[in-house]
Amino acid sequence: MKTNLYRLPLMLIALVILTAAAWAGLIRLGWRLPALQPTLALNHGPLMVAGFFGTLISLERAVAMGKRWTYLSPLMSGLGGLLVAFGVDGLAGPVLITLGSVWLVLIFVVVLQQHWAGYTVVMAGGALALFI
């Protein structure tokens, strides 16, 4: 079984974002945990949905399609999620997450051209909702 090594860093990025998002969720629940950065608890939702799921789902689509250009979506979402998780000021994190979601929509345009089915339409709708 051949494993492409460039998938591993993307999976690790997703796991780091998931950990930060879960940590933020525990803080929001009232657990007295140290915040990695001041706005971590406020970023729980965006980290979980756009950062973690955006990275993980787009990585799954990239693996399924087997085309190198599709890996830009999880890369952008993942890097953006890391920037948000670690409190990097500015728009770089949100912009990268948004670009990752746009790229995921483009991936689904190709998927729908190749395989129009109810479940692919629903998944494309989810990608579009992530972008919006």
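As shown above, the structure is provided for reference.
The rules behind the values
- Residues numbered from 1 in each chain as written.
- Predicted model: local features only at pLDDT ≥ 70, side-chain atom pairs only at ≥ 80, totals over all residues.
- Heavy atoms only, no water.
- Core = buried A, V, L, I, M, F, W, Y, C linked by side-chain atoms within 4.5 Å.
- Buried < 20%, exposed > 50% of the residue type's maximum accessible area, 1.4 Å probe, protein only.
- Helix = DSSP H or I, 4+ residues; strand = E, 2+ residues; numbered from the N terminus.
- Contact = heavy atoms within 4.5 Å.
- Expected span 1.5 Å × (residues − 1).
- Patch = residues over 30% accessible without salt bridge, like charges linked within 9 Å, V, L, I, M, F, W, Y side chains within 5 Å.
- Areas by Shrake-Rupley, 256 points an atom, 1.4 Å probe, with all protein chains shown as cover.
- Salt bridge = Lys/Arg side-chain N within 4 Å of Asp/Glu carboxyl O.
- Phe/Tyr/Trp six-rings, centres within 6.5 Å; stacked < 30°, edge-to-face > 60°.
- Axes fitted to C-alpha atoms, helices over the stretch in contact; angles between N-to-C directions.
- Parallel < 35°, antiparallel > 145°, perpendicular 65-115°, else oblique.
- Left-handed = near helix turned anticlockwise from the far one by under 90°.
- Nonpolar A, V, L, I, M, F, W, Y, C, P; charged D, E, K, R; others polar.

**Overview of the nonpolar core**
Next up, step 1: If you look at the biggest cluster of nonpolar residues, it comprises 16 residues, and the most contacted ones within it are Ile 17, Ala 20, Leu 40, Leu 47 and Phe 52.
Next up, step 2: Contributing elements (two or more residues each) for this core: helix H1 (7-28), helix H2 (44-65) and helix H3 (72-85).
Next up, step 3: It is H1 that provides the largest number of residues to this core, a total of seven residues.
Next up, step 4: If we ignore the near neighbours within four places in the chain, the residues touching Leu 47 are Ile 17, Ala 20, Ala 21, Leu 40, Phe 52, Gly 81, Val 84 and Ala 85.
Next up, step 5: One finds Leu 104, Phe 108, Ala 124 and Ala 127 within the second-largest nonpolar core, a separate group that totals eight residues.

**Section: helix H4 (residues 92-114)**
Next up, step 1: Between its terminal C-alpha atoms H4 stretches 33 Å, which fits the 33 Å expected from 23 residues at 1.5 Å a residue.
Next up, step 2: Of all the residues in H4, the buried ones are Gly 93, Ile 97, Gly 100, Ser 101, Leu 104, Ile 107, Phe 108, Val 111 and Leu 112.
Next up, step 3: Buried-residue contacts for H4 involve H2, H3 and helix H5 (118-131).

**Re a nonpolar patch on the surface**
Next up, step 1: Residues Leu 8, Met 11, Leu 12 and Leu 15 make up a contiguous nonpolar surface patch of roughly 370 Å² in combined accessible area.
Next up, step 2: Along the chain, the position of Leu 8 falls in helix H1.

**A word on the packing of aromatic side chains**
Next up, step 1: Taken as a whole, this structure holds two aromatic pairs when the rule is applied.
Next up, step 2: With centroids separated by 5.1 Å and ring planes inclined at 55°, the aromatic side chains of Phe 52 and Phe 53 adopt a geometry described as tilted.
Next up, step 3: On the basis of relative accessibility, which here comes to 9%, the residue Phe 52 falls in the buried class.
Next up, step 4: Looking at Phe 53, the relative accessible area reads 38%, which means it is partly exposed.
Next up, step 5: Consider the rings of Trp 69 and Trp 103, whose centres lie 6.0 Å apart with planes at 75°: the pair is edge-to-face. In this pair, Trp 69 is assigned in the loop between H2 and H3 and Trp 103 in helix H4, connecting sequence segments 34 residues apart.
Next up, step 6: The class for Trp 69 is partly exposed, based on a relative accessible area of 31%.

**With respect to the packing of H4 against H5**
Next up, step 1: Where H4 contacts H5, the axes come no closer than 8 Å and their chain directions differ by 160°. By the angle between their axes, H4 is roughly antiparallel relative to H5. Considering how the two elements wind past one another, H4 and H5 form a crossing that is left-handed. Where H4 abuts H5, its residues Thr 98, Ser 101, Val 102, Leu 104, Val 105, Phe 108, Val 111 and Leu 112 lie against Thr 120, Val 121, Met 123, Ala 124, Ala 127, Leu 128, Leu 130 and Phe 131.
Next up, step 2: When its residues are assigned to classes, the contact of H4 with H5 shows 13 nonpolar, three polar and no charged.

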